[in-house]
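Each chain, letter by letter, is given below.
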Amino acid sequence: MLRSIRNSIVGLVAAMFLLAPLALAQVTTGLVTGRVVDSSGGVVPGVNVVLISQVHGNKSAPVKTNKEGDYVFPDITPDTYTVEASAPAFKVSRVTGILVTGGDHVGVPPITLEVGGTAETVTVQAEATLVQTQSGERAAVIEQTTVESMPIAHSNFLNAVAFAPGMNGASGSRLGAPSDENNIMMDGISAMDTGNNGQMLNLNIESVGEVKVLTQGYQAEYGRSSGLQITAVTKSGTNSLHGSGYGIFTNSNWNSRSWSNQKNGTPQPYSYTSIYGYSIGGPVVIPKVYNGRNKLFFFYAHQFQPSTIIGASNVLLRVPTALERAGDYSQTLDNNGKLIAPIIDNTTGKPFPNSVIPASRLYAPGVAVLNQYPLPTLTQAPGTSFNYSQAPVGYDQLEQQPVVKIDYNLSSRLRFFGVLSEDRLRPVVQTGSIPGFNDVYTPYPYIIHKAITADWTVSPTTVVELTYGSIENQLTGGGSGGIPVDKASNRNNTLSAFPNLYPDAGVLNTSYYAYQVMQAEKPPIWDGKSINLVPQFTWGSLIGNAPPNIAYPGWLNINQTHDYSASLTKTQGRHTLKAGAYLN
């Protein structure tokens with residue numbers, strides 16, 4: 001099996017910092033840090049601090065401020081939080097509206113404790129931080145509401161990247177850097193196609209909660225490529241049941257004709273697009289059985305994009321005539337519609353009379369090559385290069401993008417999430433230029449992305465995060481564009497007498513992905529052991545619009561990568577130590 005799996009370890013990354021606010025962050029999680037002071041401005045050690053999700057309602061495991069009054073929450077899931085601080089003899093203080101995004105470093109304004117009873121509460125609304133003071137990277141976060149309201153194509157979240165600061169417009173690259181040096185992650189898992197170093201999964205924006213773009217100065221977690229680091233996080237369900245539906249439709253008939261088309265009488269080219277879908281998310285609740293509010297959440301989205309794929313004009317070919325199949329070339333025209341020169345007898349060096357090759361001199365395998373093509377549908381006219389016209393035959397296609405995500409807060413110390421995203425096309429037979437002769441089939445047009453993450457707060461000062469995921473793309477393309485499915489593709493059906501110089505050339509190793517596909521699909525070219533494909537031919541310079549060959553797919557393989565990552569974050573006084581490993 002051909003696999004493009006790049007194994008690299010972006011090593012054991014460990015860094016110790018003098019100030020807790022500078023701790024490293026995970027790709028899909030953020031870090032929250034701040035300080036607690038009293039009304040005189042003095043730091044207050046030993047204060048209990050918790051994070052409360054304003055979306056899911058769950059609380060984090062509590063941490064205590066150190067002797068400098070500082071606190072740190074590493075590996076925090078993207079969300080909007082309330083920070084709550086409490087201590088004996090002081091009122092409970094809360095700061096609301098703390099937005100945490102993937103890979104973010106959030107500095108909470110100092111929380112001031114006022115003398116009073118714990119039954120009393122002081123609530124402060126946080127203001128948006130205009131300057132990033134907690135880390136040195138240059139980054140921009142494109143939040144859900146922004147992504148959904150942008151005037152961009154709905155089919156790919158990467159279209160939003162062009163609006164980030166420091167971007168080179170729609171090219172999808174950083175100013176001064178090529179786009180093939182970018183790295184794209186989804187939910188902490190690579191979304192890269194290792195074959196072309198481009199994006200593998202083009203997920204629609206309805207399924208994406210946020211997109212973060214790091215242009216430079218990013219931490220060691222962001223490896224693999226030296227260009228942009230683009231991370232996307234799938235939406236999650238909330239404590240309330242929410243859903244949405246959408247439809248995007250375009251039709252060229254709704255557009256006015258251009259001035260030149262009107263003056264020249266040129267018909268309006270027809271095109272249309274149709275994209276529609278829905279999403280739903282909320283807590284998992286089974287009446288009288290289970291109440292998952294504040295604990296278990298789901299999100300599901302599904303997008304559909306039907307299309308009709310059809311050529312724009314007739315297929316024009318030059319196929320062998322009935323006279324040519326019988327050896328008579330007296331009326332054969334070249335690619336300019338002119339009579340060809342007399343056919344020369346190689347044994348005498350003189351022309352055959354009237355350019356007719358005697359039947360006894362015809363080579364049977366060569367005649368079989370000509371006979372595999374259909375007869376002309378029209379007479380080749382002077383000045384033309386074709387004698388066969390076929391109206392384009394289209395087929396209906398349907399692209400779907402289902403996405404499902406589960407978030408589970410097992411306790412205040414242990415939480416999980418898992419996500420499955422797919423981009424699926426309908427496996428269909430694609431009609432060739434000669435229907436019934438060179439049709440092809442793409443069996444598994446699927447891209448599948450999976451990720452699962454566990455965050456464990458071992459103690460108020462120790463957090464462990466583990467992530468596993470994979471992405472795969474089963475590829476069939478190039479050559480004829482798929483697996484040949486017509487009887488004519490098997491040499492034993494049409495060209496059995498044709499010399500076979502390498503009889504074992506078509507034998508496949510049983511460990512190959514191509515062998516597995518052939519065994520499952522059993523196309524006409526497969527006999528259970530080897531591929532019996534007809535040879536390919538060239539027709540020389542006298543033939544224009546030459547008839548097609550039947551080719552094996554240029555690629556028939558699976559492109560699959562697996563990601564494993566682990567990190568350990570330890571807070572000790574004013575110091576934070578982080579170590580991690582990443583294998584892709």
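Conventions and cut-offs
Residues numbered from 1 in each chain as written. Predicted model: local features only at pLDDT ≥ 70, side-chain atom pairs only at ≥ 80, totals over all residues. Heavy atoms only, no water. Buried < 20%, exposed > 50% of the residue type's maximum accessible area, 1.4 Å probe, protein only. Helix = DSSP H or I, 4+ residues; strand = E, 2+ residues; numbered from the N terminus. Contact = heavy atoms within 4.5 Å. Core = buried A, V, L, I, M, F, W, Y, C linked by side-chain atoms within 4.5 Å. pLDDT = per-residue confidence, 0-100. Phe/Tyr/Trp six-rings, centres within 6.5 Å; stacked < 30°, edge-to-face > 60°. Polar contact = N/O pair within 3.5 Å; in protein donor to acceptor, adjacent residues only side chain to side chain. Pairing = 2+ DSSP bridges. Salt bridge = Lys/Arg side-chain N within 4 Å of Asp/Glu carboxyl O.

**Some words on helix α6 (residues 513-521)**
For α6, the full list of buried residues reads Tyr513, Ala514, Tyr515, Val517 and Met518. In the core, the buried residues of α6 are packed alongside β30 (462-477), β31 (483-484) and β32 (555-572). Once α6 ends, the next one or two residues include lysine 522, with phi positive near 50°.

**Describing the nonpolar core**
Judged by nonpolar contacts, the single largest core of 31 residues is most densely connected at Phe157, Val161, Met186, Leu203, Val211 and Val213. Among the secondary structure elements, those contributing two or more residues to this core are β11 (138-143), β12 (183-186), β16 (208-216), β17 (229-234), β26 (414-425) and β29 (446-459). Counting residues per element, this core draws most heavily on β16, which supplies three residues. With 28 residues, the next largest nonpolar core counts Tyr373, Tyr388, Ile483 and Ala488 among its residues.

**Describing the confidence of the model for the chain**
Across the chain, the average pLDDT comes to 83, with 88% of residues at 70 or higher. Looking across the chain, the model is least confident in strand β1 (residues 15-17), with a mean pLDDT of 34, and most confident in helix α3 (residues 322-325), with 96. Segment residues 1-26 is flagged for pLDDT under 50; beyond a separation of four residues in sequence, or across chains, it makes 82 contacts in the model.

**Describing the packing of aromatic side chains**
Tallying each qualifying case throughout the model produces eight aromatic pairs. Relative to tyrosine 300, the ring of tyrosine 278 has its centre 6.2 Å away and its plane inclined at 45°; by these criteria the two rings are tilted. Placement of tyrosine 278 in strand β19 (residues 272-283) and of tyrosine 300 in strand β22 (residues 296-309) is noted, with a sequence separation of 22 residues between them. We classify tyrosine 278 as partly exposed; its relative accessible area is 36%. For tyrosine 300, a relative accessible area of 26% gives the class partly exposed.

**As for the side chain of histidine 302**
Mapped onto the elements of the fold, histidine 302 is located in strand β22. Residue histidine 302 is classed as buried on the basis of its relative accessible area of 11%. Here the side chain of histidine 302 touches glutamine 400 through a polar contact of 2.9 Å, side chain to side chain. When neighbours within four sequence positions are excluded, histidine 302 is seen to be in contact with Tyr246, Tyr276, Gly277, Tyr278, Gln400, Gln401 and Pro402.

**Describing the pairing of β22**
By the bridge criterion, eight bridges tie β19 to β22 in an arrangement that is antiparallel. In the strand pairing of β22, isoleucine 280 is matched with tyrosine 300. By the bridge criterion, 14 bridges tie β22 to strand β25 (residues 395-409) in an arrangement that is antiparallel. For isoleucine 309, the partnering residue across the bridge sits in β25 and is tyrosine 395.

**Structural notes on the pairing of strand β3 (residues 48-53)**
Where a strand is regular, its side chains alternate between the two sheet faces. Of all six residues that make up β3, five are buried, and the element is covered over most of its length. Across two bridges, β3 lies against strand β4 (residues 63-64) in antiparallel orientation. Note that in β4 the partner of valine 49 across the bridge is valine 63. As judged from the six bridges shared by β3 and strand β6 (residues 79-86), these two strands associate in the antiparallel manner. Looking at the pairing, isoleucine 52 lines up with threonine 82 of β6.

**A word on the pattern of salt bridges**
Within this structure, the stated rule accounts for eight salt bridges. The salt bridge partner of arginine 35 is aspartate 70, with a shortest N-O separation of 2.7 Å. Note that arginine 35 is positioned in strand β2 (residues 30-38) and aspartate 70 in strand β5 (residues 70-76), a separation of 35 residues in sequence.

**Observations regarding unusual backbone geometry**
Within the chain, asparagine 294 stands out as a residue other than glycine whose phi angle is a positive 70°. One can find asparagine 294 in the loop between β21 (290-291) and β22. For asparagine 294, a relative accessible area of 36% corresponds to the partly exposed category. Even without being glycine, serine 355 reaches a positive phi, approximately 55°. Among the secondary structure elements, serine 355 is positioned in the loop between α3 and α4 (364-371). The exposure class assigned to serine 355 is buried, which follows from its relative accessible area of 9%.

**Focus on the sheet that holds strand β28 (residues 440-441)**
Across the sheet, three strands lie side by side as β27-β28-β31; this open sheet has antiparallel pairing. Strands at the two margins of the open sheet, each flanked by one partner only, are β27 (429-430) and β31. Judged from the two bridges that link them, β27 and β28 form a sheet pairing that is antiparallel. Its bridge partner lying in β28, valine 429 is registered against tyrosine 441.

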